[in-house]
Amino acid sequence: MAELANDLGSPFCPKCGGRTIRKVVGGRERDTCPDCGYTQYTVATIGIGALVFRGDSVLLVERGIPPVGIWTVPSGFLEQDDDITSALVREVKEETALDVTNVQGIVIVRNTVRTDKNDLYVVMLCDVDEHQQPEPDGRESTQARFVPTSELDTVGISEFSRWIVTHYLHHKPTPMKMITIPGYRADAKVFGNF
Ligand SMILES: [Zn+2]
């Protein structure tokens, strides 16, 4: 089973299914595929969080998946065919049944580096349909509601979601919005403050 002691967690190439080998690339040993030339640089996940306000309240969900019972801003993982905006819209809909009507942009990025994976968590400020009321899906979320920002301690909110809400309200950073660059790669989504 020594062949599983690699970065991929599998001896097979994620691109062509060929058997990978350990090889020094760019100064360190990595999983590489002799068949197609694929090189595994990192095992990464990208999480998306939605920061949504209604009046003096913020949208929070009680998690139905680990860590169960903790309240957070609606969150989920990026799929292979997502961009961060489509992931945001989907996760808000799944966990709260609310339709995102406007994505204002990125307000916070967290990078968690662990031995088994490297995770980016991107928090985006957005607006939802003001006529709808949040409803949990009963699976990913067991409760969903707008919680007054003065009453965050009445729910078991996660340390980081509390930080997101309180620091956003204190500093009100301008969201990094999606920018269209005419003629540039159609598959690239670029965000910035310009
Ligand atoms: Zn391959």
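Residues numbered from 1 in each chain as written. Predicted model: local features only at pLDDT ≥ 70, side-chain atom pairs only at ≥ 80, totals over all residues. Heavy atoms only, no water.

Draft legend 1. Region of the structure containing the coordination of the zinc ion. Binding of the zinc ion to the protein goes through Cys13 (SG), Cys16 (SG), Cys33 (SG) and Cys36 (SG), at separations of 2.3 to 2.4 Å. Coordination at the zinc ion comes from four donor atoms whose angles at the metal span 101 to 116°, giving a geometry best classed as tetrahedral. Sequence positions of the donors to the zinc ion reduce to the motif C-x2-C-x16-C-x2-C. Within this pair, whereas Cys16 is found in the segment before strand S1 (21–25), its partner Cys33 is found in the loop between strand S2 (28–32) and strand S3 (44–51), the two being separated by 17 residues in sequence. (Donors = N, O, S within 2.8 Å, 3.2 Å for Na, K, Ca; no water. Tetrahedral: all angles 85-135°; square planar, octahedral: opposite > 155°, others 65-115°. Helix = DSSP H or I, 4+ residues; strand = E, 2+ residues; numbered from the N terminus.)

Draft legend 2. Focus on the confidence of the model for the protein. Averaged over the protein, the pLDDT score is 93; the fraction of residues at 70 or greater is 95%. Ignoring residues within four places in sequence, the model shows residues 1–5, a span with pLDDT below 50, making five contacts including any to other chains. (pLDDT = per-residue confidence, 0-100. Contact = heavy atoms within 4.5 Å.)

Draft legend 3. Structural detail: the pairing of S1. Sheet analysis places S1 next to S2, joined by five bridges and oriented antiparallel. Its bridge partner being in S2, Arg22 is matched across the sheet by Asp31. (Pairing = 2+ DSSP bridges.)

Draft legend 4. Up close: the environment of Gly183. Structurally, Gly183 can be placed in the loop between strand S11 (177–179) and strand S12 (190–192). Of the residues examined, Gly183 reaches a relative accessible area of 84% and is grouped as exposed. Gly183 sits 78 residues away from Gly105 along the chain, and the two C-alpha atoms are 22 Å apart. (Buried < 20%, exposed > 50% of the residue type's maximum accessible area, 1.4 Å probe, protein only.)

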